[in-house]
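What follows is the residue order along each chain.
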Amino acid sequence: MKLDRYERMFLIVAVAVLLGFQAAIGISVALTRVRLPAPVERVDARTLRQTPPFNQPGLRQTGPNTYEAVIIAQAWQFNPNEITVPVGSTVTFLVSSPDVTHGFELTGTDVNAMVVPGEVTKVTAHFTKPGDYVFLCNEYCGFGHQTMYGKVVVR
Amino acid sequence: MSGTAAVAAARGGSGAIGALEIAANQRWPIAGQLVIGLVGLAIGGFYGILQALNRIGLDLYPTPIMGRAYYYQGLTIHGVLLAFLFTFAFANSFLSLTTIKGFNRPLASTWLLQLSFVTLLLGALLAGYTMFTDQATVLYTFYAPLPASPLFYLGAAFLVVSTWLVSANQLLTLRDWRREHPGERIPLLAYMSIMTYLMWDLASLGVAVEVLFFLLPWSLGWVETIDPEFTRTLFWYTGHAIVYFWLLPAYVSWYVMIPKQVGGRLPSDALGRLAFIIFLLFSTPVGVHHQFLDPGIPIFVKALQMSLTFFVAAGSFITAFTVGAALESGGRARGGKGLLGWIRTLPWDNPSVTAQLLAMLLFVIGGATGIVNASYTLNLVVHNTAYIPAHFHLTVGTAVALTIIGVCYWLVPYFTGRQLAWPGLARWQAWLWAIGMFLFSNGQFVGGLTGEPRRTMIGNATYLHLFHWDLANWLTAIGGTVLGISGLLFFVVILGTVLAGAPLAEPVTIPQTDYVHGPEETWAGFDRLGLWFGLAVALVVLAYGPFLLTYLPLHPVSPPVKVY
């Protein structure tokens, strides 16, 4: 099989670029705190509201600057839909759904995750600047999907 | 009729097949599936305009002609008719035709071909009926536990079955051809047509299992609960590879037809075959990159499939080079000079070429943003935001749809024996599509990067006042309107051709390229389809085996929750 010189060069460059992209992603994962959601725990969607910790949704302090926010994502609201934390807090969100699939997108941060019935979604955000951070559902969840949001108030 | 057939016969030996030379019993199911696809494009496209206008608060659904339809119902119709019906119907039609042309013989089974028409039509009617009656407002991803009517799932199953019948027919035709041509290379046109469907055969298994073994029994009430994470994974097993089932029919035109249409030659038969082998191998074992943000999938499965995703990009890189070089050879043959002068001398006066050149141009942005989506970390920024539809309106909505439109500009004359009505208008149509999509996708890109969610009735969102998406939404709405005008012009040209086009002096010949390095220089191993298919299966096992091992047993916790 004969490849012309330009073809060969292009193939080499193309493969090198693709490997370079992969290396860049690998390095960014290794050097930064970017983490994707991973399996934490399975729950029964039908009994979610009776299952700890989702039987008591809300914010709990777990350390000097650390908090845990347990949130139920349901059609079409987050419960709770507003939490307040001080600047410099690290908040771990535990989110799950008793009904259909939802999304949990915390705008202005790198927190973005799916909320799939039967699974617990665990994501962490660091709040270094004061302000209102809106979290919204970014997965279609029925007729009122566009009304489903809440916010983290950072003071 | 006999006159034009005689003209084609007189040209004999050149391999030209006029539409009239395809037996009528094979012609109608091929032309018929094209018609079904174009009807899907018209209806699905219409709803797209409504979606775009909602972005600026202009909600046309409450107007009397829309009946009781609403945003998400229209969005479901838009997605299903365009992403499944229009694309499947075109692939079935076009790649049946190219198989006939490539092998220069009829398809092995007329009965299978006609059955593919019937199943496609049945699937379209079932899915259409349930969507229009608001029994399936589940969008085109139909994630459980949002339930649709069982008839919707059945319709989707029929659409997939119609594609399998086309594939079976291609393989039977290949077997017959090989018997008569022992030791010969599979002609490139037939090779690409068959490889597209082989890839899809493997890829469609995920959604087939999801529908037959999970969604149907669950929606019929035979089982009470379903596992949402597992059925999502089955969906995305198919859901990424499907984009290559949309794209590869366009690539068949770019590789084999466009070089001829611009007066150039394809530099390499071998690289064309290699690109299709890469798609067969790497299209499917990468679906998890749509699920990077899913809670139920282990990190190492995500990392593995991300890595494989980057290999599939190599197929499109090869295509950019090979097709680009073919275009350059055409432009230079037509007198183009200098580094870029050959672009100007390409036959821009031919609407079929213009549409496809613009499709390729916008695909550069579409492809590049696809690499962003597949990137493990950047995906966090764009997942489920408007950035994603911006991306795929440049890929399937432009690279594919505008190529199909360009192909129709010779295919409809081919089937009807009539000249394209108003070629000038057709050129305008292509430019307007490209401009409209450029504006639309820019709006969606900008909105997405600032957090605007996809598939959301943004004009009515209760959080709209908390964000600055005005410019983005206006670009989206204006772009969508321009696209609507372009779509209308397309149907004006097509209907004008069918109803009032002047008769062709001689039949249209399906364009087929010559080569700089032809098939005789290509490694014979590329034609061992069974071997490559086996390797593709092995990669799927490698990519999804670890997921199954860590995920099982199933976790069926969700009864149907109908919230639409």
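Please read these numbers as outputs of a predicted model, since none were measured by experiment.

Looking only at helices and strands, chain A has one helix and 10 strands in total. Taken over the C-alpha trace, chain A has a radius of gyration of 20 Å; the compact-globule value for 155 residues is 15 Å, which it surpasses by more than 25%. Taken over the C-alpha atoms alone, chain A extends approximately 65 × 35 × 30 Å along its principal axes. Residues classed as buried in chain A amount to 48% of the 155 residues present. Per element, the accessible surface of chain A, about 7000 Å² overall, is 56% carbon and sulfur. When the 13 basic and 12 acidic side-chain charges of chain A are each reduced to a single mean position, those positions are 6 Å apart.

Moving on, we come to the sheet that holds strand S7 (residues 111-115) of chain A. All names here are of chain A. As summarised here, the arrangement of the five strands in space is S4-S10-S9-S6-S7, forming an open sheet in which the pairing is mixed. With partners counted over all chains shown, the strands left at the sheet margins are strand S4 (82-85) and S7, one partner each. When strand polarity is set aside, the average angle formed by the axes of neighbouring strands in this sheet is 15°. Sheet topology places strand S6 (residues 102-106) next to strand S9 (residues 131-136); two bridges connect them, and they run antiparallel.

This part takes up the side chain of Glu 452 of chain B. Residue and element names in this part refer to chain B. Position of Glu 452 among the secondary structure elements: in the loop between helix H15 (423-449) and helix H16 (470-500). Residue classification places Glu 452 among the buried positions, given a relative accessible area of 0%. Those residues in contact with Glu 452, other than ones at most four positions away along the chain, are Arg 55, Thr 385, Ala 386, Gly 447, Ile 458, Trp 469, Ala 472 and Asn 473.

What follows deals with the interface of chain B and chain A. The partner chain A presents 58 residues to the 72 residues of chain B that form the contact. Interface of chain B and chain A: buried area, both sides summed, is about 5400 Å²; carbon and sulfur atoms make up 69% of it. In this structure, the connection of chain B to chain A is made through one salt bridge. The salt bridge involving Glu 139 of chain A is made with Arg 455 of chain B; its shortest N-O contact spans 2.8 Å. The interface formed by chain B and chain A includes 20 residue pairs in polar contact (both at pLDDT 80 or more). Where the side of chain B that touches chain A is concerned, the elements lending two or more residues are helix H8 (228-261), strand S1 (266-268), helix H9 (269-282) and helix H10 (299-333) of chain B.

A few words now on the confidence of the model for chain B. Residues and elements named next belong to chain B. Confidence along chain B averages 94 in pLDDT terms, with 96% of residues attaining 70 or more. Under a pLDDT of 50 for its full length, residues 1-17 has, in the predicted model, 23 contacts with residues more than four places off or in other chains. Taken over the whole predicted complex, pTM reads 0.95, whereas the ipTM for its chain interfaces reads 0.96.

On to helix H3 (residues 71-103) of chain B, then. Residues and elements named next belong to chain B. In this model, H3 (33 residues) spans 46 Å end to end at C-alpha, consistent with the 48 Å of a helix rising 1.5 Å per residue. The axis of H3 is deflected most strongly, by about 35°, at Leu 81. By the criterion of burial, H3 is predominantly enclosed, with 33 of the 33 residues buried.

Let's shift gears to the pairing of S6 of chain A. Residue and element names in this part refer to chain A. Summarising burial for S6: five of the five residues are buried, a large majority. Burial of S6 is two-sided: the residues His 102, Phe 104 and Leu 106 facing one way and the residues Gly 103 and Glu 105 facing the other way are all buried. As paired elements, S6 and S7 share five bridges and run antiparallel to each other. Residue pairing across strands places Glu 105 opposite Asn 112, the latter belonging to S7.

This next bit is on the packing of aromatic side chains. Pairs of aromatic rings are described using the distance from one ring centre to the other and the angle between the two planes. Inspection of the entire model under this criterion finds 55 aromatic pairs over all chains. Measuring from ring centre to ring centre gives 6.3 Å for Phe 21 of chain A and Phe 310 of chain B, while their planes differ by 70°; the resulting arrangement is edge-to-face. You can see Phe 21 of chain A sitting in helix H1 (residues 5-31) and its partner Phe 310 of chain B sitting in helix H10, one on each of two chains. Taking relative accessible area as the criterion, Phe 21 of chain A reaches 35% and is therefore assigned partly exposed. Arranged with centres 6.2 Å apart and planes meeting at 75°, the rings of Phe 142 of chain B and Tyr 153 of chain B form a pair that is edge-to-face. Remark: Tyr 153 of chain B occurs in helix H5 (residues 150-180) and Phe 142 of chain B occurs in the loop between helix H4 (110-132) and H5; sequence separation between them is 11 residues. Just as Phe 142 of chain B is buried, Tyr 153 of chain B falls in that class too.

Right, let's talk about H1 of chain A for a bit. A rise of 1.5 Å per residue sets the reference length of H1 of chain A, with its 27 residues, at 39 Å; its end C-alpha atoms lie 38 Å apart and thus fit the reference within 8%. Among the residues making up H1 of chain A, those that are buried are Glu 7, Ala 14, Leu 18, Gln 22 and Ile 25 of chain A. At its buried positions, H1 of chain A is contacted by S1, H9 and H10 of chain B.

Residues and elements named next belong to chain A. Most of strand S2 (residues 66-74) is tucked away: seven of the nine residues are buried. Between strand S1 (residues 58-61) and S2, which pair antiparallel one after the other, the connecting turn spans four residues. Here seven bridges tie S2 to strand S5 (residues 89-96), and the two strands are oriented parallel to one another. Following the sheet pairing, Ile 71 is matched in S5 by Val 95. In the sheet, S2 pairs with strand S3 (residues 77-79) via three bridges, with the strands oriented antiparallel. Paired with Gln 74 across the strands is Gln 77, a residue of S3. Counted between consecutive antiparallel strands, the loop separating S2 from S3 contains two residues.

Rules of the game
Residues numbered from 1 in each chain as written. Chains lettered and ligands numbered in written order. Predicted model: local features only at pLDDT ≥ 70, side-chain atom pairs only at ≥ 80, totals over all residues. Heavy atoms only, no water. Helix = DSSP H or I, 4+ residues; strand = E, 2+ residues; numbered from the N terminus. Rg over C-alpha atoms; globule rule 2.2 N^0.38 Å. Buried < 20%, exposed > 50% of the residue type's maximum accessible area, 1.4 Å probe, protein only. Areas by Shrake-Rupley, 256 points an atom, 1.4 Å probe, with all protein chains shown as cover. Lys, Arg positive; Asp, Glu negative; His and termini not counted. Charge placed at Lys NZ, Arg CZ, Asp CG, Glu CD. Pairing = 2+ DSSP bridges. Axes fitted to C-alpha atoms, helices over the stretch in contact; angles between N-to-C directions. Contact = heavy atoms within 4.5 Å. Buried area = accessible area lost by both parts, 1.4 Å probe. Salt bridge = Lys/Arg side-chain N within 4 Å of Asp/Glu carboxyl O. Polar contact = N/O pair within 3.5 Å; in protein donor to acceptor, adjacent residues only side chain to side chain. pLDDT = per-residue confidence, 0-100. Expected span 1.5 Å × (residues − 1). Bend = angle between axes of the 7 residues up to and from the residue. Phe/Tyr/Trp six-rings, centres within 6.5 Å; stacked < 30°, edge-to-face > 60°.

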